[in-house]
Amino acid sequence: PSYYGVKENTNNDSNISILPNPNKGDMVIRFKGITGSVNVMVYDAIGNMIDQFGFINQDKEYDMPYSLANHANGTYLFVVNGEKYTVAKKVVVKK
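Position numbers for residues count from 1 along each chain, tracking the sequence in the order it is written. Predicted model: local features are reported for residues with pLDDT of at least 70 only, side-chain atom pairs are reported and counted for 80 or more only, and whole-chain, interface and lining totals are derived from all residues. Neither water nor hydrogens contribute to the side-chain values; these are computed over all heavy atoms in the structure.

**Student:** Help me understand the sheet that holds strand E8 (residues 74-81) in this model?
**Tutor:** As a general point, the strands of a sheet are linked pairwise by backbone hydrogen bonds and lie either parallel or antiparallel. Only strands joined by at least two bridges in the DSSP assignment are considered to pair. By the criteria applied, helices consist of DSSP H or I runs no shorter than four residues and strands consist of E runs no shorter than two, each listed in order from the N terminus. One open sheet accounts for 4 strands, arranged E6-E5-E8-E9; its pairing is antiparallel. Edge positions in the sheet fall to strand E6 (49-57) and strand E9 (86-93), since each of these pairs with one other strand and no more. Shown here is a sheet whose adjacent strand axes are inclined to one another by a mean of 20 degrees, direction ignored. Two elements, E8 and E9, share 8 bridges in a ladder whose sense is antiparallel. What counts as an axis is a line fitted to C-alpha atoms, over the stretch in contact for a helix, and the angles between N-to-C directions run from 0 to 180 degrees.

The structure is reproduced here in structure tokens:
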């Protein structure tokens, strides 16, 4: 499916993974082989942006802890923009 003009990447070779999925609100976003400027936007199921952040990644593999524990159960979309790519990942929060 396509979200906000970005096709969800369901390929297992993706450079972005969110684990575990589904989860209870706490997760790790794994950036693998992605360096440089990275921007992440998080949307709820009705399309509201609930978070946005960016960073410069200089590591070949980077695990970033992330929490949606203060948000409702549901499906969330993470849209990751890098220097050479845009990837969308769906995450289910079920407490």
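On we go from here.
**Student:** Is there a simple way to explain the confidence of the model for the chain in this structure?
**Tutor:** It should be kept in mind that the predicted coordinates are not to be read in detail where pLDDT is low. On average, residues of the chain score 87 in pLDDT, and 85% of them reach the 70 mark or higher. Looking over the chain, one finds the lowest element-wise mean pLDDT in strand E1 (residues 2-3), namely 52, and the highest in E6, namely 95. Each residue carries a pLDDT score, the predictor's own confidence in it, on a scale running from 0 to 100.

**Student:** How should I be thinking about the packing of aromatic side chains in this particular structure?
**Tutor:** How two aromatic rings sit relative to each other is set out by the distance from centre to centre and by the angle between their planes. Each aromatic pair joins two rings of Phe, Tyr and Trp (for Trp, the six-membered one) with centres within 6.5 Å, and gets the label stacked for planes under 30 degrees apart, edge-to-face for over 60, and tilted for any other angle. Tallied over the full model, the rule gives 5 aromatic pairs. Taken together, a centroid distance of 5.5 Å and an interplanar angle of 80 degrees make the contact between Tyr66 and Phe78 edge-to-face. Remark: Phe78 occurs in strand E8 and Tyr66 occurs in strand E7 (residues 61-67); sequence separation between them is 12 residues. For Tyr66, a relative accessible area of 12% translates into the label buried. Three or more aromatic residues joined by ring pairs form one cluster here, namely Phe31, Phe55 and Tyr62. Residue burial is assigned from relative accessible area. The probe radius is 1.4 Å, only protein chains are included, and a residue is buried under 20% of its type maximum, exposed over 50%, and partly exposed in between.

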